[in-house]
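Geometric and topological summary
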Amino acid sequence: MSESHTAAITAFGTVSTAMATPFRADGALDLDGAAKLASYLVDLGNNSLVVSGTTGESPTTSDEEQDALLKVVLEAVGDRARVIAGVGTNDTAHSVQLARVAAETGAHGVLVVTPYYSKPPQSGIQAHIETVADATDLPVMIYDIPGRSGVPISTETLVRLAEHPRILAVKDAKGDLYETSWVMARSDLAYYSGEDALNYALLTHGAVGVVSVVGHVAAKAYAEMIGAVRAGNLLRARELHYEVLPVVRAIMTRTQGAIAVKAALEAQGVLTNRMVRLPLLPATDEEIRVLTEDLRQNGYL
């Protein structure tokens, strides 16, 4: 393993879950619930958590709520796992501000998504991410997710971004294994699968870990899968991939991920409710029925 990949694993771990943000029944932030969920996820096998990512409903939580959430997660598990702050927005100045606050609070790293909706040119994407990286001393993971941002980060842009000393990794949800392989071949960026359906595929192409939603439920299996790939035991890794498929289907294919994963955690008794904030709506009874069937299929409920 290269020194750069070792540095990325030290910064970001290998089994990371983009943590859901618990709310009380009235929609207010549930900090006690967040601390309990963070501890549960680390006990489950995660060695890293992303706070205030998309699954954490960052578009509908205030800057003050995000900082309070980061503080409570750091207090709960910061000595046992890496805690990464999602700081990406489509406003560079705002992202810089969020990154600086996260650094002051004690985050171990930051996740910076492609500026969404604005559809900036590649030069603007590069300048945005480098500006955020220059704002603190924290290691940076880029989040490439064109299905949400509206524009992919090109291979050439990623190769240039790899030259920045604090930009160490990419959370990849592009769904383009060919272009991803080119970035891996041409740079030292450490790749993390950001699309649970492709975790096995990306790991076999050279990814060092995952940043998962399904990790709320299946972190133990993903930890074993990563270890199996690293040891060259691809048959065992594939078996684990097949084992987790019903959970991926349950959480990632029928409704938005935060909706489904909160319903799954409520069904398991980890969360007291499945409250989400508009424009999301809690899972319906029918969605819960089919979700729990999938979870039961391989003993996840």
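Residues numbered from 1 in each chain as written. Predicted model: local features only at pLDDT ≥ 70, side-chain atom pairs only at ≥ 80, totals over all residues. Heavy atoms only, no water.

Once that is clear, we can look at the pairing of strand E5 (residues 140-144). In terms of burial, E5 is a largely internal element, 5 of the 5 residues being buried. Where strand E4 (residues 109-113) lies against E5, 4 bridges are found, and the strand directions are parallel. Paired with Val112 across the bridge in E5 is Ile142. Crossover handedness for the path E4 to helix H5 (residues 122-135) to E5: right-handed. Direction of pairing for E5 relative to strand E6 (residues 167-172): parallel, over a ladder of 5 bridges. Residue pairing across strands places Val140 opposite Ile167, the latter belonging to E6. (Buried < 20%, exposed > 50% of the residue type's maximum accessible area, 1.4 Å probe, protein only. Helix = DSSP H or I, 4+ residues; strand = E, 2+ residues; numbered from the N terminus. Pairing = 2+ DSSP bridges. Right-handed = clockwise from strand over helix to strand, strands pointing away.)

Read once around its circumference, the closed barrel built from 8 strands follows the order E1-E2-E3-E4-E5-E6-E7-E8, with strand pairing classed as parallel. Neighbour to neighbour, the strand axes of the sheet diverge by 25° on average, direction disregarded. Sheet topology note: the E6/strand E7 (residues 190-193) ladder contains 4 bridges and is parallel. From the neighbouring strand, Val170 faces E7, where its bridge partner is Tyr191. Where helix H10 (residues 215-230) meets the sheet, its contacts fall on strand E1 (15-18) and strand E8 (209-212), and the angle it forms with E1 comes to roughly 160°. (Axes fitted to C-alpha atoms, helices over the stretch in contact; angles between N-to-C directions. Contact = heavy atoms within 4.5 Å.)

A separate point is the packing of aromatic side chains. All told, the structure shown has 2 aromatic pairs when counted by the stated rule. Between Phe12 and Tyr192, the ring centres sit 6.4 Å apart and the planes meet at 85°, which makes this aromatic pair edge-to-face. Here Phe12, found in helix H1 (residues 3-12), pairs with Tyr192, found in strand E7; they are 180 residues apart in sequence, far enough to count as distant. Here Tyr192 falls in the buried class, since its relative accessible area comes to 0%. Their ring planes at 85° and their centres at 6.3 Å tell us that Tyr178 and Trp182 sit as a pair that is edge-to-face. In this pair, Tyr178 and Trp182 are both assigned in helix H8 (residues 177-186), 4 residues apart and thus about one turn of the helix distant. Over the ring of Tyr143 we find Lys171, and its NZ or CZ is 4.0 Å from the ring centre. (Phe/Tyr/Trp six-rings, centres within 6.5 Å; stacked < 30°, edge-to-face > 60°. Lys NZ or Arg CZ within 6 Å of the ring centre and 35° of its normal.)

A few words now on the UniProt feature "binding site: pyruvate" (unreviewed entry) in the chain. In the numbering used here, UniProt assigns the "binding site: pyruvate" (unreviewed entry) feature to Thr55 and Val211. Maximum C-alpha separation among the annotated residues is 11.1 Å over a sequence range of 157 residues, consistent with a single clustered spot. Counting through the fold element by element, Thr55 comes out in the loop between strand E2 (48-51) and helix H3 (63-77). On the secondary structure map, Val211 appears in strand E8. Assessed through its relative accessible area of 3%, Val211 is described here as buried. The residues touching Val211, leaving out its near neighbours within four places in the chain, are Ser16, Ala18, Val50, Met141, Lys171, Tyr192, Ser193 and Gly194. (UniProt positions renumbered as here; feature names shortened; annotations may be inferred.)

A few words on the UniProt feature "active site" (unreviewed entry) in the chain. As annotated in UniProt, the feature "active site" (unreviewed entry) corresponds to Tyr143 and Lys171 in the numbering used here. Taken along the chain, the residues just named run across 29 residues; in space they keep tight, none of their C-alpha pairs more than 4.7 Å apart. Leaving out residues up to four positions away in the same chain, Tyr143 has contacts with Thr54, Leu111, Val112, Val113, Thr114, Ile153, Lys171 and Ala173. Mapped onto the secondary structure, Lys171 falls in strand E6. Not counting residues within four places of it along the chain, the set of residues in contact with Lys171 comprises Ala18, Leu111, Met141, Ile142, Tyr143, Asp144, Tyr192, Gly194 and Val211.

This brings us to the nonpolar core. One finds Met19, Val73, Val87, Val244 and Ile251 to be the most contacted residues of the largest nonpolar core, which totals 84 residues. By residue number, the principal contributor to this core is H10, which donates 9 residues. Listed in part, the 19 residues of the second largest apolar core include Ile9, Phe12, Met141 and Tyr192. (Core = buried A, V, L, I, M, F, W, Y, C linked by side-chain atoms within 4.5 Å.)

So, about H3. If you check H3, its first and last C-alpha atoms are 21 Å apart, about what 15 residues at 1.5 Å a residue would give, namely 21 Å. Considered for burial, the residues of H3 that qualify are Gln66, Asp67, Leu69, Leu70, Val72, Val73, Leu74 and Val77. Contacts made by the buried residues of H3 are with helix H2 (31-44), E2, strand E3 (82-86) and helix H4 (92-105). (Expected span 1.5 Å × (residues − 1).)

Let us look at the environment of Ile288. Within the element layout of this structure, Ile288 appears in helix H13 (residues 285-297). Residue classification places Ile288 among the buried positions, given a relative accessible area of 17%. With 241 residues separating them along the chain, Ile288 and Asn47 place their C-alpha atoms 28 Å apart. Excluding its chain neighbours within four sequence positions, the residues that come into contact with Ile288 are Ala263, Arg274 and Ala283.

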